[in-house]
Amino acid sequence: GRLRRFPASQEGALLGGGVPGEECEWPDLLTSKECQVRARVREYCETKVFAQAAELWENAIHPKALWEGLGALGVGGGTTPSAYGGAGLSLVGAGLVNMELARVDGSLSAIYMIAGCLVTNTIVKLGSEAQKKKYLPQLCAHRTVGSWALTEAEAGSDASGLRTLATPLGGGLWQLDGRKRWIGNAPVASLIIIWARHAETGNTLAFAVEPGSTAGVSVKTMRGKVGLRAIQNGEIFLDGATVKEEARLPGVKSFADAAGVLAQSRVMVTWQPVGLAQGLYDVCLRHVKERMQFGVPLAASQVVQHKLMLMRANCNAMALYAWRLTRRFEQGEASGPDAALAKAWVTLRGRECASIGRELLGGDGLLAGSHVGKAFADMEAYYTYEGTFDINLLVAGRAHTGISAIRPRM
Ligand SMILES: Cc1cc2nc3c(=O)[nH]c(=O)nc-3n(C[C@H](O)[C@H](O)[C@H](O)COP(=O)(O)OP(=O)(O)OC[C@H]3O[C@@H](n4cnc5c(N)ncnc54)[C@H](O)[C@@H]3O)c2cc1C
């Protein structure tokens with residue numbers, strides 16, 4: 001049940017793996033720099049990531065060496081400007097990195113999406129010049145890992161109801177008290193962006209916190225996750241943690257600033273199910289051509305071809321939706337609700353692909369080592385994080401109808 005090489009790793013098929021000329025190759029839709037970035041990451045994933053991903057996933061180990069190796073590919077920090085050590089990619093370019101990583105390993109893609117896109121973009125958009133100079137070069141070189149902490153035990157979908165408090169102590173100091181949950185990368189991060197509420201005014205604030213050197217901050221790894229097992233999720237305990245005013249992100253004025261950076265990261269997340277589904281399709285295509293039952297390849301069955309083509313069409317539509325959303329976002333034409341709708345829809349179709357793919361591999365579809373079992377479980381996390389399917393539809397629904405149905409009434 002353990003796949004030895006990724007399907008498209010044959011020579012000459014570096015950008016292939018599917019039907020020649022398929023929409024997903026889109027040479028007409030990408031700039032040459034975007035094509036190069038995509039090819040570079042794809043090659044890295046097929047030759048380096050794939051060999052280790054299933055074992056790291058099964059043992060729930062942070063892929064430190066793979067993360068550092070990815071840093072050498074010149075994609076660190078996604079859209080972060082080169083002046084701060086970033087790759088200066090277009091938003092589509094950063095999306096393609098997320099997609100190619102997810103095609104082979106959903107966890108590494110999640111690590112990159114959080115540390116390489118969300119954290120860096122938050123500092124670029126909302127941080128001080130000193131914070132940019134201090135943190136971005138290290139983060140973009142993948143010498144460190146960043147983390148972004150909004151979710152709490154009592155504030156999940158209702159993220160604006162966060163309860164972590166920031167109390168001004170005078171003398172340029174703040175005290176942080178609260179508890180965060182589900183925070184990706186937190187156990188391995190040297191920098192965590194902590195979202196909190198001003199204890200007196202109730203305003204939303206954010207702080208750049210270094211957990212290793214801040215008393216009163218402790219991080220506990222969450223165990224037993226059944227999807228995205230290689231990314232380390234943590235609970236963060238803030239018990240009278242004292243930080244300096246210099247740690248506060250000066251650009252944060254209200255919760256709308258958190259929503260603003262989340263809108264862009266939702267655009268990035270939209271590419272992850274696209275990649276995961278593409279990887280599932282690639283593995284399934286090869287499997288049904290090679291696996292013999294009743295004296296013929298599985299692919300000789302109409303039912304099998306039918307299932308496979310549903311996956312193929314989903315992959316094409318998902319990819320084109322992500323591409324169109326992202327280009328419009330780059331040009332300032334797409335909004336947060338547009339990103340929410342796209343993220344929700346691609347995860348719905350992605351879940352369908354994962355379900356069909358798992359079926360096509362039979363029992364092996366339940367094994368992490370077949371790639372399909374791992375991707376099937378990872379798709380569940382994509383469906384839920386960065387705003388659940390329901391919440392993203394409600395955000396889009398509010399924009400289209402003018403009526404908010406997000407906060408239920410009793
Ligand atoms: C792998 C993973 C990584 C994550 N990484 C991070 C991270 O790095 N940083 C961070 O801050 N957070 C992170 N999260 C948290 C994530 O954003 C939350 O899990 C998500 O927002 C949902 O919140 P919840 O789990 O509390 O579910 P709940 O809010 O309790 O929702 C439970 C169910 O109720 C539904 N629901 C809730 N409210 C409504 C409503 N009004 N109408 C209809 N249905 C509703 C939801 O859709 C869902 O199906 C991560 C989560 C996961 C699983």
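It should be emphasised that the depicted structure is a prediction, and the values quoted were computed from it without experimental measurement.

Rules of the game
- Residues numbered from 1 in each chain as written.
- Predicted model: local features only at pLDDT ≥ 70, side-chain atom pairs only at ≥ 80, totals over all residues.
- Heavy atoms only, no water.
- UniProt positions renumbered as here; feature names shortened; annotations may be inferred.
- Helix = DSSP H or I, 4+ residues; strand = E, 2+ residues; numbered from the N terminus.
- 1 Å grid on protein atoms, 1.4 Å probe; cavity = no way out; pocket = protein on both sides within 12 Å on 5 of 7 lines; lining within 4 Å.
- Points joined across faces, edges and corners; volume = space filled by probe spheres on them.
- Nonpolar A, V, L, I, M, F, W, Y, C, P; charged D, E, K, R; others polar.
- Domains from an automatic or database assignment.
- Near = heavy atom within 4 Å.
- Polar contact = N/O pair within 3.5 Å; in protein donor to acceptor, adjacent residues only side chain to side chain.
- Areas by Shrake-Rupley, 256 points an atom, 1.4 Å probe, with all protein chains shown as cover.
- Sits in = over half its atoms within 2 Å of the grid points.
- Core = buried A, V, L, I, M, F, W, Y, C linked by side-chain atoms within 4.5 Å.
- Buried < 20%, exposed > 50% of the residue type's maximum accessible area, 1.4 Å probe, protein only.
- Contact = heavy atoms within 4.5 Å.
- Buried area = accessible area lost by both parts, 1.4 Å probe.
- Salt bridge = Lys/Arg side-chain N within 4 Å of Asp/Glu carboxyl O.
- Expected span 1.5 Å × (residues − 1).
- Bend = angle between axes of the 7 residues up to and from the residue.

According to UniProt, the positions carrying the feature "domain: Acyl-CoA oxidase/dehydrogenase middle" (unreviewed entry) are residues 148-239. Across residues 148-239, the secondary structure splits into 0% helix and 50% strand, with the terminal C-alpha atoms separated by 18 Å.

Bringing empty space enclosed by the protein into the picture now. Following the criterion strictly, the structure yields 2 cavities of 30 Å³ or more and no others. Here the largest cavity is characterised by a volume of approximately 60 Å³. Residue lining of the largest cavity: Gly77, Gly78, Thr79, Leu91, Ala94, Cys117, Leu118, Asn121, Gln264, Ser265 and Met268, and that is the complete set. Within the residue set of the lining of the largest cavity, elements represented by two or more residues are helix H3 (91-104), helix H4 (106-126) and helix H6 (255-290). Along the lines of polarity and charge, the residues of the lining of the largest cavity split into 5 nonpolar, 6 polar and no charged. Residue-level mapping places the lining of the largest cavity at the junction of two domains, with at least three residues from each of domain 1 (7-140) and domain 3 (255-401). If you add up the space inside the second largest cavity, you get close to 30 Å³.

Here we come to the site of the ligand. The immediate surroundings of the ligand are formed by 20 residues, with Thr151, Ser157, Thr388, Asp390 and Ile406 found nearest. In the environment of the ligand, a nitrogen atom lies 2.6 Å from a nitrogen or oxygen atom belonging to the side chain of Thr151. Between the ligand and Ser157 there is a distance of 2.6 Å, counted from an oxygen atom to a side-chain nitrogen or oxygen. The protein chains hide 68% of the 970 Å² of surface that the ligand would expose on its own. Taking a 2 Å distance to the grid points as the criterion, the majority of the atoms of the ligand fall inside the largest pocket. Of all elements in the fold, only strand S1 (146-149), strand S3 (173-184) and helix H10 (389-401) reach the threshold of two or more residues within the shell around the ligand. In this structure, the shell around the ligand is formed jointly by two domains, domain 2 (146-247) and domain 3 (255-401), each of which donates at least three residues.

Okay, the layout of surface pockets next. In this structure, the largest pocket spans a volume of roughly 1300 Å³. Thr151, Gly156, Tyr385, Glu386 and Gly387 are, among the 43 residues lining the largest pocket, the residues nearest its centre. When residues of the lining of the largest pocket are traced back to their parent elements, those giving at least two are H4, S3, H6, helix H8 (336-360), helix H9 (372-384) and H10. Per element, the largest residue contribution to the lining of the largest pocket is 5 residues, and it comes from H6. Of the residues assigned to the lining of the largest pocket, the class counts are 24 nonpolar, 12 polar and 7 charged.

What follows concerns the nonpolar core. Counting 99 residues, the largest nonpolar core has Val75, Tyr112, Trp148, Ile193, Trp195 and Met311 as the members making the most contacts within it. The element best represented in this core is H6, accounting for 17 residues. Once residues within four sequence positions are removed from consideration, Val75 is found in contact with Val37, Arg40, Val41, Leu70, Ala87, Leu89, Val97 and Tyr112. Grouped together as the second largest cluster of nonpolar side chains are 19 residues, Trp174, Ala186, Ala196 and Val217 included.

Moving on to the domain arrangement of the protein. Once the domains are mapped, the protein shows domain 1 (7-140), domain 2 (146-247) and domain 3 (255-401). Here domain 1 and domain 2 have C-alpha centroids that lie 26 Å from each other. Between domain 1 and domain 2, the contact holds 23 residues from the first and 20 residues from the second. Note on domain 1 versus domain 2: buried area summed over both sides is about 1700 Å², and carbon and sulfur give 66% of it. Taken together, the links from domain 1 to domain 2 amount to 1 salt bridge. In this structure, Lys134 engages Glu210 in a salt bridge whose closest nitrogen and oxygen atoms are separated by 2.7 Å. Counting every contact that joins domain 1 to domain 2 gives 9 residue pairs in polar contact (both at pLDDT 80 or more).

Okay, H4 next. Over its 21 residues, H4 extends 28 Å from the first C-alpha to the last, a length consistent with the 30 Å expected when each residue adds 1.5 Å. The largest bend along H4 reaches roughly 30° and is located at Met113. Burial analysis of H4 places 19 of its 21 residues in the buried class, which makes it a mostly covered element.

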